[in-house]
Amino acid sequence: MDLALKPDHQTFADEIRAFTRGNLSPATKAKTFSGKHYDRDDHVHWQKALGRQGWLAYTWPKKYGGPGFDVTQRFLFENVLAEEGAPRIIPFGVKMVGPVIYTFGTDEQKERFLPGIRTSKVSWCQGYSEPGAGSDLANLRTRAVREGDHYVVNGQKTWTSFAHWADWIFCLVRTDPAAKPQEGISFLLIDMKTPGVTVRPITMLDGAHHVNDVFFDNVKVPVTNRIGKEGEGWTCAKFLLANERLGIAEVPASKRGVRSLRDIAQVEPLNGGRLADDPAFAAQIADIDLQVQALEMSELRVLSTMAMGGAPGPEVSTLKIRGSEIQQRIAELAMEAVGEYAQPYQPGMLFQDTNETPVGLDHAPPAAPRYFNFRKTSIYGGSNEIQKNIVSKMVLGL
Amino acid sequence: MDLSLSDEQKQLQEAAERFVRDKYPFDSRRKIAATDRGWLPENWAQMAELGWLGMAFSEEDGGYGGGPIETMIVMEQFGKGLVLEPFVPTVVLGGGMIGRAGSKAQKEALLAPMIEGKKQFAFAWLERQSRYNLADVSLKATKEGNGWSLSGHKGVVYNAPVADNIIVLARTAGAGREQKGLTLFVVDGKAKGITRRDYPTQDAFRASELTFDKVSVGADALLGKVDEGFAVVEEAVDRTIVALCAEATGCMDAINAATLEYIKTRKQFGVPIGKFQVLQHRMVDCFTNAQEARSMTLMATLKIDDKDPIVRAKAASGAKVQIGKSGKFCGQSAVQMHGGMGVTDELSVSHYFKRLTMIDLMFGNQQHHLTRYSNLAMAA
């Protein structure tokens, strides 16, 4: 056992860093460090650059056009990108539907969809949750009725991140209402431009628009867009969720968050000195710093097991739980570090390119919105309570 | 980066598991704890025979060339069995300091027989006023001819009742909490002028309060350099902390397993109490806490040989914070979920709970190490 990097891994990290510095737009990078929201172009430009380099689908095996990174390379890739201020890769194509397609899809489907995902030429969103199916996902009602060589889809999906940017949506739909809840579900890929698909934005508590309702009104979907057999969509769904839970811990971003917290504490004033000199606040930063380290090491242990041929088991749910709690805590501490100056609401500083001077220090405008927004992390991707149910049942046998 | 055990390390792990399974079923442990000595010489001899007493020492020093990973593997199993033999004071602390600071003659006279199982050590650093500050030492060593004379008090000295040698941290210069001016001496456990008050600890180990009244030692008792003992102690304690963290991960695995089994079998309201979601979620939190404890222990184990003492110190303190937090959570939760049975002496859970609690208090608790880590991290 050894944590040290071999020289070729060090070279690899240098290569990733040089590429990121050469290809990530300075404006996008600035948004990362100032806490501003990205627009679609920020994501797409960066992801296309990664795609051209063959790195966007960095978790994929070589067989499907991935770079075939080992555990260490994957770890370095994610960390260097975060350190350099790259926006996180939108997961719906690369991390979610891509692996479902190469695991459960036909050869024709692989040829048709994987290249667009790998290169970011096609953007995806995820049609899982519905108004009546949140934690109880298998209760979903969106109906797909077979008519010859296509399905007719009717229903509503919600909390659909980036549906307003997406070209395609992957959906869980009910194809057999008579079967047991999990058995009547199929996995469909739907072109967002199909007549009958409409998107309605949902504004969140921080004023941001990321998520949407998506409505399906007699939407015709070719049967060839179904992944796996009819009625076996739940298998794809579970496979996808396990992958989602692994990436959702967001360790590299949290490491960046801890560094940023220390920087903020160095400049925020307190009693004529700096906030960093307050042992109580410093100890809270130290505590979250250590929590991030524990999470990182736990994730590395899971990845290391996977590298030896294991699959990510249900214990990855604990990474999602801790990862989300940690992100929330970092956001909370950042807001508390700003103190009174977290109060002014300055949407212009968050959503627009502006030369205006913020009220308060530069890191003040996003502090409270980020805290508010990050309450979502323990709710999305399967609420933390659901994750505990999963561990309880699947790991502990309760 | 590689997180897998070598074949030899896997064999060591299996051997340690076997030892605990054979020698430390809960009833056996209870009998061992009730003996006068509080541990079994035959177990110690077996550990020597298995090579565990020498595994972390260099071949040059008569050991087998292993390191912190080997210590972690064995300590984790010791935690599962609540093993009582004085491995930490003798091998990790005493042997560790002699291995790193001892002269060739000292290694021959002390380390070689220790590896064979024929010598035991204790480490006397704490005093009544010290709390967690390793440098808060007032026991005085004054020059006396070619040698030294030691006078003062030392407390909670593990394994002192039977130790052949006591390694004493004494003040040779300076005062109060100054790190400069501290010196290590190897003193015969039966030396004239040492008065012992022996007692068991909460978790059934044996320790003593020691009074040194003009205890004379020769020049050859000096371990390392005069006035420069602090760095040796700090490193040895950091290494010991990591070993204790490994022991604690073993305790947590065992206490969680016992609790899980209990809530699957104990029935109330007509169902096993593990059917209640509130207990399920608490059990998951226990599981997660133990995972994090293992992760931090592993990281600290892999960083403890780092040449940079700051990296080493941060790793040890970071792991100790996690162990304190996780140990408390798992211990308290286990007792709670066992209900009344949890607060009896009859089940193993209360014994794991006590050991986890004492590990938190040893060499600085969670709060102490959070502050230490915080200061080191903020300075960087």
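Residues numbered from 1 in each chain as written. Chains lettered and ligands numbered in written order. Predicted model: local features only at pLDDT ≥ 70, side-chain atom pairs only at ≥ 80, totals over all residues.

A.B. asks: I'd like to hear about the overall build of chain A, residue by residue, with values.
C.D. replies: For chain A, the helix and strand inventory stands at 13 helices and 10 strands. What you see for chain A is a C-alpha radius of gyration of 22 Å, in line with the 21 Å of a compact globule of 398 residues. Restricting to contacts in chain A with at least 6 residues of sequence separation, those with at least 24 account for 71%. (Helix = DSSP H or I, 4+ residues; strand = E, 2+ residues; numbered from the N terminus. Rg over C-alpha atoms; globule rule 2.2 N^0.38 Å. Contact = placed C-beta atoms within 7 Å.)

A.B. asks: Which residues make up the overall build of chain B, and what values do they have?
C.D. replies: For chain B, the count of helices and strands is 11 helices and 10 strands. Principal axes of the C-alpha set define a box for chain B whose edges measure 80 × 50 × 40 Å. The 380 residues of chain B split such that 53% are buried. At a minimum sequence separation of 6, the contacts of chain B that also span at least 24 residues come to 73%. (Buried ≥ 20, exposed ≤ 12 C-beta atoms within 10 Å, placed from the backbone.)

A.B. asks: So what about the domain arrangement of chain A? Which residues, and what values?
C.D. replies: Reports of interface size often rely on the accessible area that becomes lost once the parts have come together. Domains assigned within chain A are domain 1 (7-89), domain 2 (124-231) and domain 3 (248-395). Taking only C-alpha atoms, the centre of domain 1 of chain A and the centre of domain 2 of chain A are 30 Å apart. (Domains from an automatic or database assignment.)

A.B. asks: Tell me about the domain arrangement of chain B, and name the residues and values.
C.D. replies: Residues and elements named next belong to chain B. Per the domain assignment, the segments of chain B are domain 1 (7-120), domain 2 (122-229) and domain 3 (230-379). The distance between the C-alpha centroids of domain 1 and domain 3 comes to 22 Å. Taken residue by residue, the interface counts 20 residues in domain 1 and 24 residues in domain 3. Of all the elements in the fold, those that place two or more residues in the side of domain 1 that touches domain 3 are helix 4 (68-81) and helix 5 (87-101). Among the elements that take part in the side of domain 1 that touches domain 3, helix 4 stands out by supplying 10 residues, more than any other. Partitioning the side of domain 1 that touches domain 3 into residue classes produces 12 nonpolar, 5 polar and 3 charged. (Nonpolar A, V, L, I, M, F, W, Y, C, P; charged D, E, K, R; others polar.)

A.B. asks: Before we move on, could you go through the interface of chain A and chain B and cite the residues and values that matter?
C.D. replies: Chain A puts 30 residues into the contact, and the matching count from chain B is 32 residues. Only helix 9 (279-307), helix 10 (316-338) and helix 13 (384-395) of chain A provide two or more residues apiece to the side of chain A that touches chain B. Tallying contributions element by element places helix 9 of chain A first for the side of chain A that touches chain B, with 14 residues. Here the residues of the side of chain A that touches chain B sort into 17 nonpolar, 6 polar and 7 charged.

A.B. asks: If you had to explain the nonpolar core to someone new, which residues and values would you point to?
C.D. replies: Counting residues in each nonpolar core, the largest one holds 218 residues, and the members touching the most others are Ile169(A), Ala124(B), Leu150(B), Ile167(B), Val168(B) and Phe185(B). By residue number, the principal contributor to this core is helix 7 (residues 229-265) of chain B, which donates 19 residues. When sequence neighbours within four positions are dropped, the list of residues in contact with Phe185(B) reads Ala141(B), Trp148(B), Leu150(B), Val168(B), Ala170(B), Val217(B), Ala221(B), Leu222(B) and Leu223(B). (Core = buried A, V, L, I, M, F, W, Y, C linked by C-beta atoms within 7 Å.)

A.B. asks: Give a description of the environment of Ser260(A) that names residues and reports values.
C.D. replies: Residues and elements named next belong to chain A. Relative to the helices and strands, Ser260 is located in helix 8 (residues 251-267). The class of Ser260 is partly exposed, set by 16 C-beta atoms lying within 10 Å. Sequence spacing of Ser260 and Phe33 is 227 residues, and the spatial spacing of their C-alpha atoms is 8.5 Å.

A.B. asks: Residues and numbers for the pairing of strand 6 (residues 194-200) of chain B, please.
C.D. replies: Residues and elements named next belong to chain B. Strand direction decides the pairing type here: strand 6 and strand 7 (residues 206-217), joined by 7 bridges, are antiparallel. Directly across from Thr195, in strand 7, lies its bridge partner Thr211. Counting the residues in the hairpin turn of strand 6 and strand 7 gives 5 residues, including Ala204, whose phi is positive at 80 degrees. (Pairing = 2+ DSSP bridges.)

A.B. asks: Which residues make up the pairing of strand 2 (residues 140-144) of chain B, and what are the values?
C.D. replies: All names here are of chain B. Examined bridge by bridge, strand 2 and strand 3 (residues 147-158) share 5 bridges and lie antiparallel to one another. Residue Lys143 lies in a different strand from strand 3, and its bridge partner there is Trp148. Between the end of strand 2 and the start of strand 3, which pair antiparallel, lie 2 residues, with Gly145 showing a positive phi angle near 60 degrees.

A.B. asks: Help me get a handle on the environment of His153(B), residues and values and all.
C.D. replies: Residues and elements named next belong to chain B. If you trace the backbone, His153 turns up in strand 3. For the pair His153 and Lys140, spaced 13 residues apart in sequence, the C-alpha to C-alpha distance is 9.3 Å. When residues no more than four places from it in sequence are discounted, the contact partners of His153 are Glu127, Arg128, Leu139 and Thr211.

A.B. asks: With reference to specific residues and values, describe the packing of helix 7 of chain B against helix 10 (residues 348-361) of chain B.
C.D. replies: Residues and elements named next belong to chain B. Where helix 7 meets helix 10, the axes come as close as 10 Å, and the angle between the chain directions of the two elements is 155 degrees. Judged on the interaxial angle alone, helix 10 and helix 7 are roughly antiparallel. At the point where helix 7 passes helix 10, the crossing takes the left-handed sense. In this structure, helix 7 contributes Leu244, Glu247, Ala248, Cys251, Ala254, Ile255, Ala258 and Thr259 to the contact, and helix 10 contributes Ser348, Val349, Tyr352, Phe353, Arg355, Leu356 and Ile359. By residue class, the composition of the contact of helix 7 with helix 10 is 11 nonpolar, 2 polar and 2 charged. (Axes fitted to C-alpha atoms, helices over the stretch in contact; angles between N-to-C directions. Parallel < 35°, antiparallel > 145°, perpendicular 65-115°, else oblique. Left-handed = near helix turned anticlockwise from the far one by under 90°.)

A.B. asks: Outline unusual backbone geometry, supporting the account with residue identities and numerical values.
C.D. replies: Although it is not a glycine, Ser120(A) sits at a positive phi angle of roughly 65 degrees. With respect to the element layout, Ser120(A) can be found in the loop between helix 6 (107-119) and strand 1 (124-127). Even without being a glycine, Ala204(B) presents a positive backbone phi close to 80 degrees. The residue Ala204(B) is located in the loop between strand 6 and strand 7 in this model. Residue classification places Ala204(B) among the partly exposed positions, given that 19 C-beta atoms sit within 10 Å.

A.B. asks: Quick rundown of helix 6 of chain A? Include the residues and the values.
C.D. replies: Residues and elements named next belong to chain A. For helix 6, spanning 13 residues, the distance from its first C-alpha to its last is 19 Å, which sits close to the expected 18 Å at 1.5 Å a residue. Remark: the principal bend of helix 6, roughly 35 degrees, maps to Phe113, with a proline, Pro115, within the next four residues. Of the positions making up helix 6, those classed as buried are Phe113, Leu114, Ile117 and Arg118. In the core, the buried residues of helix 6 are packed alongside helix 3 (40-53) and helix 5 (91-104). Phi turns positive, to about 65 degrees, at Ser120, one or two residues after helix 6. (Expected span 1.5 Å × (residues − 1). Bend = angle between axes of the 7 residues up to and from the residue.)

A.B. asks: Give me the lowdown on the packing of helix 9 of chain A against helix 8 (residues 277-303) of chain B, citing residues and values where you can.
C.D. replies: Where helix 9 of chain A meets helix 8 of chain B, the closest approach of the two axes is 8 Å, and the angle between their N-to-C directions is 90 degrees. With respect to each other, helix 9 of chain A and helix 8 of chain B are oriented roughly perpendicular. Residues Gln293(A), Ala294(A), Met297(A), Ser298(A) and Arg301(A) of helix 9 of chain A touch helix 8 of chain B, and the partners they reach there are Gln291(B), Glu292(B), Ser295(B), Met296(B), Leu298(B) and Met299(B). Residue composition of the contact of helix 9 of chain A with helix 8 of chain B, by class: 5 nonpolar, 4 polar and 2 charged.

A.B. asks: I'd love a proper account of the environment of Val271(B), names of residues and values included.
C.D. replies: Tracing the chain through its elements places Val271(B) in strand 10 (residues 271-272). Sequence-wise, Val271(B) and Cys286(B) are 15 residues apart; in three dimensions their C-alpha atoms are separated by 22 Å.

A.B. asks: Go over the confidence of the model for chain B, please, and point to the residues and values.
C.D. replies: Looking at chain B as a whole, the pLDDT averages 97, with 100% of positions reaching at least 70. As a predicted assembly, this complex carries a pTM of 0.91 together with an ipTM value of 0.88. (pLDDT = per-residue confidence, 0-100.)

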